[in-house]
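Examination of the molecular architecture
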Amino acid sequence: CSLSSLDGLPPFPELVVLKLSDNRLAGGLERVAQCPELEVLMLAGNRFDTIACITPLKSLTKLRCLDLYLNPLTKKDGYRSSIFELLPVLEGLDGEDKDGKEFELDDEDEEDEEEEGES
């Protein structure tokens, strides 16, 4: 994909994971904020360059994991602490927790449910 805008993105009230990595997005996260169940948001490799671009995500009270790797804003001083302050429910940012330790999502529960459904 080469999305440069999220205009026209409808609200997805049940969406839990959204992968928008490797596009040309630099804003428009107000549309993403209309997904109240969102837990995982992948935005790596886009063009977000300020913390203000990420501010609309404050309303996502279930957001656990955010990936902004390879966005210009990740090079700014205090980037990680600013994001964790902005999004206090966040557990993982760019693959690390608040303390800089590796953070991985627990996919085991989802895999178990899928396997049980296949029987």
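On a predicted model such as this, the values are computed, not experimentally measured, just so you know.

Thresholds, definitions, all that
- Note that residues are indexed from 1 along each chain, following the sequence as it is written.
- Two thresholds apply to this predicted model, a pLDDT of at least 70 for residue-level local features and 80 or more for giving and counting side-chain atom pairs, whereas whole-chain, interface and lining totals are computed over all residues.
- Values shown for side chains rest on all heavy atoms present in the structure; no hydrogens or waters enter the calculation.
- A helix here means a DSSP run of H or I that spans at least four residues, while a strand means a run of E at least two residues long, and both kinds are numbered starting from the N terminus.
- Working rule for contacts: check all heavy atoms of both residues, and any pair within 4.5 Å makes them a contact.
- Any N or O atom pair separated by 3.5 Å or less is treated as a polar contact, with the protein-specific requirement of one donor-capable and one acceptor-capable atom, and with residues adjacent in sequence counted only for side-chain atom pairs.

1. A word on the environment of Leu-29
Structurally, Leu-29 is set in helix α1 (residues 29–32). Taking the C-alpha atoms as reference points, Leu-29 and Cys-53, separated by 24 residues in sequence, lie 7.3 Å from one another. With residues up to four places along the chain from it excluded, the contact list for Leu-29 reads Leu-6, Leu-43, Phe-48, Cys-53, Ile-54, Pro-56 and Leu-57.

2. Remarks on unusual backbone geometry
Most peptide bonds are trans, and most residues other than glycine sit at a negative phi. In this structure, Asp-22 takes a positive phi of about 60 degrees despite not being glycine. Position of Asp-22 relative to the elements: it lies in the loop between β1 (17–19) and α1. With a phi close to 55 degrees, Asp-94 is a non-glycine residue in the positive phi region. Tracing the backbone through its elements, the reader meets Asp-94 in the loop between β4 (92–93) and α3 (108–118).

3. A short note on the environment of Glu-37
Take Glu-37: it is sitting in the loop between α1 and β2 (40–42). As a C-alpha pair, Glu-37 and Lys-62 span 25 residues in sequence and 6.1 Å in three-dimensional space. Contacts of Glu-37, omitting those with residues within four sequence positions, involve Pro-13, Glu-14, Leu-15, Val-16 and Lys-62. Of the polar contacts made by the side chain of Glu-37, one reaches the side chain of Lys-62; its length is 2.7 Å.

4. Considering the environment of Pro-36
The topology assignment puts Pro-36 in the loop between α1 and β2. Note: C-alpha distance between Pro-36 and Leu-63 (27 residues apart in sequence) is 8.8 Å. Ignoring any residue separated from it by four or fewer positions in sequence, one finds Pro-36 in contact with Phe-12, Pro-13, Leu-60 and Lys-62.

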